[in-house]
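Given next are the chains, with one letter for each unit.
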Amino acid sequence: MAVGVFDLFSIGIGPSSSHTVGPMRAAAVFAEELKASGKLAAVASLRVDLYGSLAATGHGHGTMTAVLLGLEGYHPELILPEEVEERLASIAETGVLTLAGAVTLPYGVKDMVLRPLTVLPRHTNGMTFTVTDAAGDVVHAATFFSVGGGFIVREGEEDAAQQELDASKEELPLPFRTAAELLEHCAVTGLGIADVMFVNEKASRSEEEIRAGLLHIWSVMENCVQTSLKREGVLPGGLKVRRRAPDWYERLKKETARPEDTDQDGQDHYDPRYWQEWVNLVALAVNEENASGGRVVTAPTNGAAGIIPAVLFYALHFAPGMDQATQADRDGVVVRFLLAAGAVGVLYKEQASISGAEVGCQGEVGSASSMAAAGLAEVMGGSPAQVENAAEIAMEHNLGLTCDPIGGLVQVPCIERNAIAAAKAINAAKMALWGDGTHRVSLDEVIITMRETGKDMSDKYKETAMGGLAVNVVEC
């Protein structure tokens, strides 16, 4: 199917969409195929090979444990955090995996074969699953690639998948691959960018389903923040990074408390002098929850999951006129924001990449900042040209951003990077709205530049933990 808003905003678990969500999804698909083949009972042994970035930073990104859960039949969008903890504790204690929920095998993290220096041709995030019978004959085998944002591609089916994608796009009322095509649709129809995306989404869902689905996505983002604010201590993984969101939240409440903070409709009001502190708080809270393996929304990836919620929070609480908005108004803002952001996300997915292991963090944090800027410009009344300009400005100033997490953990610099990128998105939207939409550099040119920059970037700066802060900062 053509990439849609619910592909870019999908519910999963942290800490990484490409290293956790994608591998879990691939392992679950493999397990389901095996079960459907009727050969599950013949399985006597299992082998998992992880290649490139998955092997290099897999421990810090939770890749191995995600694969175990997927092999048991769990999907990232359905599994709950408590189920994650329960199953992983059981596997660690017993050393036994329940393949496809039916066949028990002695298997665990230590049994996986890691090949960090071997990069398969399609993508650096490669993985191969192989099961054999008692005689050593292969029962079933498959290789998958996690290409960013939780998306997976099966080896040997890339061309077929692309053909299916192209065919599905032809069925859309207003198909687009580039910003130029998107703007042309807007010019011809008189619709805004969010409206064009909404029309396309209606090709596969009803209006009610789209609205309800997007509001649910926002509710998961909000719950992610609330869960994070209740956690204390340090993040897992050995870096001993202290959770800051709970303390910041308490300080903000004290410094901004006013008698009129909550109105008769139960809506919270925030002191506009502290808008950036609240934006920083939301971004940090989401990514601290992500770093601890909690439930988050890929937006468009887990490593960049805090940017869009933070900027949408700004839109709902600090944008002009929102202090008088009804709940229906706020719901409308959520829907339009995510649709416009999703439209820009499609452009990055179609023309470049949202995978840090492929193009660096410019493809994750940069794409998210660009999407958020577009969403904010849309709900603040921007024209299609201004929305496109906002997205362009945000990415233009994230070009070349490397992916260099210390210890392979999505903590430093990833958490703070989300807060900085959220502020960039807000500034980009404001700059675009002060103009008339005309600008020298187009969004398409910036996306192509991002793609080419990623190709030229040394592999050590692309989620391998072999360059940048990952090697220049002592882990402990």
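Reference entry: report on the structure contained in this document.

Calculation criteria
Residues numbered from 1 in each chain as written. Predicted model: local features only at pLDDT ≥ 70, side-chain atom pairs only at ≥ 80, totals over all residues. Heavy atoms only, no water. Buried < 20%, exposed > 50% of the residue type's maximum accessible area, 1.4 Å probe, protein only. Helix = DSSP H or I, 4+ residues; strand = E, 2+ residues; numbered from the N terminus. Pairing = 2+ DSSP bridges. Phe/Tyr/Trp six-rings, centres within 6.5 Å; stacked < 30°, edge-to-face > 60°. Lys NZ or Arg CZ within 6 Å of the ring centre and 35° of its normal.

### Regarding the pairing of strand 6 (residues 126-132)
- The element strand 6 is largely enclosed, with a buried count of seven among its seven residues.
- Alternating residues of strand 6 divide into Gly 126, Thr 128, Thr 130 and Thr 132 and Met 127, Phe 129 and Val 131, and every residue in both groups is buried.
- Strand direction decides the pairing type here: strand 2 (residues 45-51) and strand 6, joined by six bridges, are antiparallel. Of the residues in strand 6, the one forming a bridge with Ser 45 is Thr 132.
- As consecutive antiparallel partners, strand 6 and strand 7 (residues 138-148) are separated by five residues, and within that stretch Gly 136 has a phi angle of approximately 90 degrees, a positive value.

### A closer look at the packing of aromatic side chains
- Taken as a whole, this structure holds ten aromatic pairs when the rule is applied.
- Between Tyr 270 and Phe 318, the ring centres sit 6.0 Å apart and the planes meet at 50 degrees, which makes this aromatic pair tilted. On the criterion of sequence distance, the pair formed by Tyr 270 in the loop between helix 11 (245-256) and helix 12 (275-291) and Phe 318 in the loop between helix 13 (307-317) and helix 14 (327-351) is long-range, its members being 48 residues apart. Here Tyr 270 matches Phe 318 in class, with each residue buried.
- Note on Phe 313 and Phe 318: the rings are 6.4 Å apart at their centroids and 55 degrees apart in plane angle, and the pair reads as tilted. In this structure, Phe 313 and Phe 318 share a single accessibility class: buried.
- Counting every residue linked through ring pairs, the aromatic cluster contains Tyr 249, Tyr 270, Trp 275, Trp 278, Phe 313, Tyr 314 and Phe 318.
- Positioned over the ring face of Phe 151 is Lys 349, at 4.0 Å from the centre of the ring.
- It is Lys 430 that lies over the ring of Trp 275; its NZ or CZ is 4.9 Å from the centre.

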